[in-house]
2 protein chains.
Amino acid sequence: MSFNMVANHAIWPKVNDAIFGLAAKAKEAIDKYGREKVIDSTLGALVDDDGNLICLETVYSELKSLPNADIAAYAQVAGQPDFLEAVQKTCFKEYRPNAHIRAVATPGGTGSIRHSIYNYTNPGDSVLVCDWFWSPYVTISEEFGRTVSTFELFNEKGEFNIISFKEKFEELLKKQKRLVTILNTPANNPTGYSLSDEEWDEVLNIAKENAKNPENRIIFVVDVAYIDYAGIGMERRKFFTKFSNLPDNILIIVAHSMSKGYTMYGMRSGAAMGISSNKDIADEFYYSAMHANRANWSNGTRAAMSIMTNIAKDPEKTKAYEEEVNKTKTMLRNRAKAFVEASKEVGLEILPYRDGFFVSIPCSDAKKASEELIKENLFVIALKKGLRFAVCAVSEEKCRVSPAIIKKVLDNLEK
Amino acid sequence: MSFNMVANHAIWPKVNDAIFGLAAKAKEAIDKYGREKVIDSTLGALVDDDGNLICLETVYSELKSLPNADIAAYAQVAGQPDFLEAVQKTCFKEYRPNAHIRAVATPGGTGSIRHSIYNYTNPGDSVLVCDWFWSPYVTISEEFGRTVSTFELFNEKGEFNIISFKEKFEELLKKQKRLVTILNTPANNPTGYSLSDEEWDEVLNIAKENAKNPENRIIFVVDVAYIDYAGIGMERRKFFTKFSNLPDNILIIVAHSMSKGYTMYGMRSGAAMGISSNKDIADEFYYSAMHANRANWSNGTRAAMSIMTNIAKDPEKTKAYEEEVNKTKTMLRNRAKAFVEASKEVGLEILPYRDGFFVSIPCSDAKKASEELIKENLFVIALKKGLRFAVCAVSEEKCRVSPAIIKKVLDNLEK
């Protein structure tokens, strides 16, 4: 008989993180065969063509010139007030919804997702996500005794599957009366898909129709972790204005992260922003999230908050920062373009890519495919329904040659 | 009828943090009357005699010389392996228990406490703490649907109240069969009390006696947030060896924090260390905490981990760092000595102080006393059972004059 000290709800399989494991293997291959022979598409972080992590100069020169006390001091539990202003400005830009908005600092986007799920669902509830999802949504839900239900992201034409969304959304809402739906857009991880403005209208119309029943509580978590690398100008922020004047029983929570936009993955900073037409609901969001901050990690990384605030307050710093981000975004778009074009040329089926760090390749036995690709020195993450290729981490040149290698391995597996 | 979007378990009073509120008032008074006229004993952070936050030079020069990529990159979910080695070495020094020990990085001590409570209790359980406690223990417990029970920290002679501990410990264990007890020692916040080695023996003997019932699951969380400012040499670390060869159903979790020892409050770093005679129990601790990491904040602040690792690896850096901490500790001891002596002189009753950032003054209406003291420009935190004076934040000179001011106000209140 096995003996446990931990409570039943906290017993988990004794397994390590799969992505870090594969990344370690890729590193071994690089050491053995040389960087030019290996394609390491494992980690979700921006890497330059020489394999070095990209660290924005404007961000790190700001960090290194902060007074020590501004790094050392505790931040306030909800986050520094000027940061909570700056993050709204930085996130919404000219598309701020006409609504009551309250922000709370969190460690990366994860902290925001965690608060949204824990605070807005009951034990046993299902959280709704699309079938191509970031796996920690499941980890978070299961940690708290919740489950995840999925709708199909794409229909047969490769468009957003509004039929599947509506069906699952209404089924769960009818059963639970409260529903947290997570939409990771723009630049969905793992597919690179971004909902169009028209698709957003369809989603919100379904929500509004269901909001007519005052017993329903509808919560959308919009995970915008990759927003700074989406679209060419501001077009992928326009949808924010659609969160204006929603019914009181629709709450939007935007999960913002500094990890990607500021290349500060390791500094653990972001924010949860609650958006409601009703001031009390926005306040309730704030105090609930603040309590959860205090009870989980106490307060956020102060230096990261100061960096965003200082850049946002100074027009010259803002300009330099935005230019640097845009340069990186252009690099990313060129890589993705190379991968998408080469996939078309060799006949590799990929999911519709619009923005961001990843492209997904549907396949039936992704685990086997990933293992076979290791033999080709191409390291790619296996998901339930396919492979995730990280264009953020692979040079344009290698993005151009990868589809042919993947295609060959998948074809061989099907034989 | 009020309308809530948040789930019932996440509805909390719409109140802001009391300590930050009082700290803001103290700042106003300083701006108005000048620093020399105000005694600001609110925040639990080391402040020099001129009112500046102390930021250890050895720590911040290390931070500012880290390569950007070492700050930017994600840390592993459980923490960087070399950090998890370094934190054990740094915490236990020559008093490492003879046991299986596994460490996981957490944001400050809070993250460790949170994991301990969430993973090792069931909903509705009571967590045992002493009656002079750090209030977030309650916030954390309540957040997860747990409650807090208290034993009396002191008996009438001002010694550790082992009778009260035994009574409450056995009462809860009998009822719940599993019990998380938090002991914030050495240098208890808010009293400055440290359990002696003999008191630790008494506590562990009671635990071992109760561990004879194999159905009992006994978990001690040892919150050592202030350990680097306790004792003169290593004497306040000796108790760690007592965690060797304990029965399998006693698990020790040491909650370590970099906030105070490294003056990195705002960088959110620390570790939870599970100590067990049974390898499986230590592993179970590790994987449970790792899952909780992933589900709450994903991973820890990488730069903070690197700072500890780099200092620990380099004997010269270690020496310089330890000298700097010891200088600060001496300053703190002198301040506390001044406060304790002056209290004796004016006849102010205080709780037994041994180490650390705070001294506590028992009184019947602490809130009223704190308000009256504001009129004297002395800012001190009101607890349920008394006042908390932060010697960490007040110069030796002011520590010497404060007891008389407090005594006068308390005497007036009793009239």
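A quick note: this is a predicted structure, and the numbers were derived from the prediction, not measured. (Residues numbered from 1 in each chain as written. Chains lettered and ligands numbered in written order. Predicted model: local features only at pLDDT ≥ 70, side-chain atom pairs only at ≥ 80, totals over all residues. Heavy atoms only, no water.)

Trainee: Even after reading the chapter, I still don't get the overall build of chain A, so can you show me in this structure?
Mentor: Within chain A, the regular secondary structure consists of 13 helices and 11 strands. For 415 residues, the compact-globule estimate of 2.2 N^0.38 gives 22 Å, and chain A sits close to it at 21 Å. Viewed in the frame of its principal axes, chain A has a C-alpha envelope of about 60 × 55 × 55 Å. The buried share of chain A, reckoned over its 415 residues, is 62%. At a minimum sequence separation of 6, the contacts of chain A that also span at least 24 residues come to 75%. Here chain A displays about 16000 Å² of accessible surface, and carbon together with sulfur accounts for 49% of that area. For chain A, the centre of its 53 positive side-chain charges and the centre of its 55 negative side-chain charges are spaced 2 Å apart. (Helix = DSSP H or I, 4+ residues; strand = E, 2+ residues; numbered from the N terminus. Rg over C-alpha atoms; globule rule 2.2 N^0.38 Å. Buried < 20%, exposed > 50% of the residue type's maximum accessible area, 1.4 Å probe, protein only. Contact = heavy atoms within 4.5 Å. Areas by Shrake-Rupley, 256 points an atom, 1.4 Å probe, with all protein chains shown as cover. Lys, Arg positive; Asp, Glu negative; His and termini not counted. Charge placed at Lys NZ, Arg CZ, Asp CG, Glu CD.)

Trainee: So what exactly am I meant to see when it comes to helix H10 (residues 302–313) of chain B here?
Mentor: Side chains three or four residues apart in an α-helix point the same way, a direct result of the helix having 3.6 residues per turn. All names here are of chain B. Taking 1.5 Å as the rise per residue, H10 with 12 residues should run 16 Å; its terminal C-alpha atoms sit 16 Å apart, in good agreement. In terms of residue burial, H10 counts as a mostly covered element, since 10 of its 12 residues are buried. If you follow the buried residues of H10, they end up packed against helix H2 (57–65), helix H3 (68–72), helix H4 (81–92), strand S2 (100–106), strand S7 (250–257) and helix H11 (315–346). (Expected span 1.5 Å × (residues − 1).)

Trainee: Quick question: what am I supposed to make of the side chain of Ser259(B) here?
Mentor: Relative to the helices and strands, Ser259(B) resides in the loop between S7 and strand S8 (270–276). Setting aside chain neighbours within four positions, we find Ser259(B) in contact with Tyr74(A), Met264(B), Tyr265(B), Arg268(B) and Ser269(B).

Trainee: Which parts of the structure should I look at to understand the relation of the copies chain A and chain B?
Mentor: Each of the two copies of the chain can be brought onto the other by a rotation about an axis and a shift along it. Once chain A has been moved 0.0 Å along the axis and rotated by 180°, it coincides with chain B to within an RMSD of 0.0 Å. As the rotation angle and translation indicate, the two copies are arranged about a two-fold axis. Across chain A, the smallest distance between a C-alpha and the rotation axis is recorded for Lys64(A), namely 2.9 Å. Interface overlap between copies: 100% of the residues of chain A at the interface are likewise at the interface in chain B, consistent with a symmetric, same-surface contact. (Least-squares fit on C-alpha atoms with pLDDT ≥ 70 in both.)

Trainee: Where do I start with a negative patch on the surface in this structure?
Mentor: Residue and element names in this part refer to chain A. Among the surface-exposed residues, Glu152, Glu156, Glu167 and Glu171 lie close enough to one another that they form a single negatively charged patch. Considering the arrangement of structural elements, one finds Glu156 in the loop between strand S4 (147–151) and helix H7 (162–176). The exposure class of Glu156 is exposed, given its relative accessible area of 86%. (Patch = residues over 30% accessible without salt bridge, like charges linked within 9 Å, V, L, I, M, F, W, Y side chains within 5 Å. Salt bridge = Lys/Arg side-chain N within 4 Å of Asp/Glu carboxyl O.)

Trainee: What's the story with the state of the cysteines in this structure? I'm lost.
Mentor: In a disulfide, the sulfur atoms of two cysteines are held together by a covalent bond. All names here are of chain A. Within this structure, the stated rule accounts for zero disulfides over all chains. Looking at the unpaired Cys91, the closest cysteine sulfur is the one in Cys130, lying at 19 Å. According to the relative accessible area criterion, Cys91 is buried, its value standing at 0%. Between Cys363, a cysteine without a disulfide, and Cys130, which holds the nearest cysteine sulfur, the sulfur-to-sulfur distance is 17 Å. With a relative accessible area of 17%, Cys363 lands in the buried category. (Disulfide = S-S within 2.5 Å.)

Trainee: Teacher, can you tell me more about the domain arrangement of chain A here?
Mentor: Often, the extent of an interface is quoted as the loss of accessible area upon association of its parts. Residue and element names in this part refer to chain A. Considered domain by domain, chain A is made up of domain 1 (14–56 + 318–414) and domain 2 (74–313). Its C-alpha centre places domain 1 at a distance of 26 Å from the equivalent point of domain 2. Broken down residue by residue, the surface that domain 1 buries against domain 2 is led by Tyr321, Arg354 and Asp355, which jointly contribute 25%. For the pair domain 1 and domain 2, the interface holds four salt bridges. The residue Lys93 makes a salt bridge to Glu322 at a minimum N-O spacing of 4.0 Å. At the surface where domain 1 touches domain 2, the tally comes to 16 residue pairs in polar contact (both at pLDDT 80 or more). Every element with two or more residues in the side of domain 1 that touches domain 2 is listed here: helix H11 (315–346), strand S9 (358–362) and strand S11 (386–390). The greatest single-element share of the side of domain 1 that touches domain 2, amounting to eight residues, is contributed by H11. Here the residues of the side of domain 1 that touches domain 2 are counted per class, giving 17 nonpolar, six polar and seven charged. (Domains from an automatic or database assignment. Buried area = accessible area lost by both parts, 1.4 Å probe. Polar contact = N/O pair within 3.5 Å; in protein donor to acceptor, adjacent residues only side chain to side chain. Nonpolar A, V, L, I, M, F, W, Y, C, P; charged D, E, K, R; others polar.)

Trainee: Hey, could you run me through the interface of chain A and chain B in this one?
Mentor: Contact residues are listed per partner, giving 84 residues for chain A and 84 residues for chain B. For chain A, the biggest contributors to the area lost against chain B are Met5(A), Lys64(A) and Tyr74(A); these three give 11% of the whole. Counting across the interface, chain A meets chain B through 46 residue pairs in polar contact (both at pLDDT 80 or more). Elements with a contribution of two residues or more to the side of chain A that touches chain B: helix H2 (57–65), helix H3 (68–72), helix H5 (108–120), helix H6 (136–143), strand S6 (217–223), strand S7 (250–257) and helix H9 (279–296) of chain A.

Trainee: What am I meant to see in the packing of helix H5 (residues 108–120) of chain B against helix H6 (residues 136–143) of chain B here?
Mentor: Pairs of packed helices are described in terms of their axes, by the angle between the two and the distance that separates them. Residues and elements named next belong to chain B. Two numbers describe how H5 lies on H6: the axes approach to 10 Å, and their chain directions differ by 45°. Comparing their axes, H6 and H5 come out oblique. Crossing of H5 over H6 shows right-handed handedness. On H6, the residues touching Thr110, Ile113, Arg114 and Ile117 of H5 are Tyr137, Ile140 and Ser141. Here the residues of the contact of H5 with H6 are counted per class, giving four nonpolar, two polar and one charged. (Axes fitted to C-alpha atoms, helices over the stretch in contact; angles between N-to-C directions. Parallel < 35°, antiparallel > 145°, perpendicular 65-115°, else oblique. Left-handed = near helix turned anticlockwise from the far one by under 90°.)

Trainee: Just checking my understanding: could you explain the pairing of strand S10 (residues 378–382) of chain A for this structure?
Mentor: Within a regular strand, the side chains alternate between the two sheet faces. Residue and element names in this part refer to chain A. For S10, a buried count of four out of five residues is recorded, marking the element as mostly surrounded by other parts of the structure. Here three bridges tie strand S1 (residues 39–41) to S10, and the two strands are oriented parallel to one another. Bridge pairing in S10 places Ile39 opposite Leu378. Sheet topology places S10 next to S11; two bridges connect them, and they run antiparallel. Looking across to S11, one finds that Ala382 is bridged to Leu387. (Pairing = 2+ DSSP bridges.)

Trainee: I tried to follow the sheet that holds strand S10 (residues 378–382) of chain B on my own but got confused; where do I start?
Mentor: Think of a sheet as strands paired side by side through backbone hydrogen bonds, with each pair either parallel or antiparallel. All names here are of chain B. Read from one edge of the open sheet, four strands run S1-S10-S11-S9, paired in mixed fashion. Only two strands of the sheet have a single partner each, and these edge strands are strand S1 (39–41) and strand S9 (358–362). Along the sheet, successive strands turn relative to each other by an average axial angle of 30°, direction set aside. Bridge count between S9 and strand S11 (residues 386–390): five bridges; the pairing is antiparallel. If you follow Val359 over to S11, its bridge partner there is Phe389.

Trainee: Would you mind showing me how to read the pattern of salt bridges here?
Mentor: Two side chains carrying opposite charge are able to pair once their charged atoms lie near each other. Applying the stated criterion to the full structure yields 42 salt bridges over all chains. Ionic pairing is found between Asp355(A) and Arg333(A), a salt bridge with its closest N-O pair at 3.5 Å. One end of the pair, Asp355(A), is in the loop between H11 and S9; the other, Arg333(A), is in helix H11, with 22 residues separating them in the sequence. In this structure, Lys212(B) engages Glu209(B) in a salt bridge whose closest nitrogen and oxygen atoms are separated by 3.2 Å. Here the salt bridges do not stand alone but share partners, grouping Arg102(A), Lys279(A) and Asp283(A) into one network.

Trainee: Any chance you could explain the packing of aromatic side chains here in plain terms?
Mentor: Two aromatic rings are characterised by how far apart their centres lie and by the angle between their planes. Following the criterion strictly, the structure yields 46 aromatic pairs over all chains and no others. Ring centres 5.9 Å apart and planes at 5° place the aromatic pair Phe169(B) and Phe220(B) in the stacked group. Here Phe169(B), found in helix H7 (residues 162–176), pairs with Phe220(B), found in strand S6 (residues 217–223); they are 51 residues apart in sequence, far enough to count as distant. Just as Phe169(B) is buried, Phe220(B) falls in that class too. Among the aromatic residues, those joined into a cluster by ring pairs are Phe92(A), Trp200(A), Phe239(A), Phe240(A) and Phe243(A). It is Arg102(B) that lies over the ring of Tyr286(B); its NZ or CZ is 3.8 Å from the centre. Positioned above the aromatic ring of Phe358(B), the side-chain terminus of Arg388(B) is 3.8 Å from the ring centre. (Phe/Tyr/Trp six-rings, centres within 6.5 Å; stacked < 30°, edge-to-face > 60°. Lys NZ or Arg CZ within 6 Å of the ring centre and 35° of its normal.)

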